[in-house]
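What the coordinates show
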Amino acid sequence: DWIINIAHERIGRLNMDKEAADELEKLIPGVFIYKPEHHGNIDMFLNDAIRHQPDRMELMRFGLTEIPERIRELRSLKHLTIFEQDVRTLPSVLFELEALESLTIQVADLEELPADIAKLSGLKSLRVSCGCYDRPAPGQKVIPKEELAFRNLPPAIGELHQLECLDISYSGIRRLPPEIQKLRNLRSLDIVNGLIESTPDFVYAMTWLDRFLIEDKPFHLCNHGDD
């Protein structure tokens, strides 16, 4: 097989032998051939990612408990997804990725969204979901949202002036910071399955929104299993 594409998951696969893959990587800067036996190691994965400077990357199923500091070396990164259930904190180096336009965080629980998020001045999409398990154990129980550590959005989120989409799913958030009103480019605001009892009045004044959804809804375990 030369090319396999799965649109929903944005998966593309180019199958070839190791020698051909090595030659292709040398010939075309930026081509990053994933080798399971090689790239299952986070250090080797980052070595190649830093070498090729991709604009999109997913950190998933490495069994991480923290984001490696070497991520700061991915200077061309525009789209980053982190799906690691045991990651609880976001390091300061993450907010040095000045080219970042979209950031998706999927974890079991997040201690906080740091105020340093304001440093990502070009960010257009921010999605944070708790209750997500990339390798759930049999009978895995999701942390009740009343017990989640992720309970607040920092006022600094109002400094993300390019933000167009803000999506927070399954959290312990009870209120929204009024600084969200400063996001004049925001078009989509989804705060679902949290602990907010009613939509704040200031949201109704954000007439530039194309849509907003602030509500509780049935929860389904978020995982990437084989089915």
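Details of the structure are given in the entry above.
In what follows, the accompanying structure is described. Sequence order as written defines the numbering, with residues in each chain counted from 1. Local features in this predicted model are restricted to residues whose pLDDT is 70 or higher, and side-chain atom pairs enter the listing and the counts only when it is 80 or higher, whereas totals over whole chains, interfaces and linings include all residues. For the side-chain quantities, the full set of heavy atoms in the structure was used; hydrogens and water were omitted.

Observations regarding the environment of Ile82
On the secondary structure map, Ile82 appears in strand β4 (residues 79-83). Burial classes follow relative accessibility: with a 1.4 Å probe on protein chains only, a residue under 20% of its type's maximum area counts as buried, one over 50% as exposed, and anything between as partly exposed. The class of Ile82 is buried, set by a relative accessible area of 0%. For Ile82 and Met57, which are 25 residues apart along the polypeptide, the C-alpha to C-alpha distance reads 8.6 Å. Labels follow the DSSP assignment, with helices taken as runs of H or I lasting at least four residues and strands as runs of E lasting at least two, numbered in each case from the N terminus.

Observations regarding the pattern of salt bridges
By convention in these notes, a salt bridge is any Lys or Arg side-chain nitrogen within 4 Å of a carboxyl oxygen on Asp or Glu. With the rule as written, the count across this model stands at twelve salt bridges. Where Glu111 meets Arg88, a salt bridge forms, and the shortest distance between an N and an O atom there is 3.6 Å. In this pair, Glu111 sits in the loop between β5 (102-106) and β6 (125-129) while Arg88 sits in the loop between β4 and β5, placing the two residues 23 residues apart along the sequence. We classify Arg88 as partly exposed; its relative accessible area is 35%. With a shortest N-O distance of 2.5 Å, Glu159 and Lys182 are connected by a salt bridge. In this pair, Glu159 sits in the loop between β7 (132-133) and β8 (165-169) while Lys182 sits in the loop between β8 and β9 (188-192), placing the two residues 23 residues apart along the sequence. On the basis of relative accessibility, which here comes to 39%, the residue Lys182 falls in the partly exposed class. Connected through shared salt-bridge partners, Glu84, Asp86, Asp134 and Arg135 make up one network.

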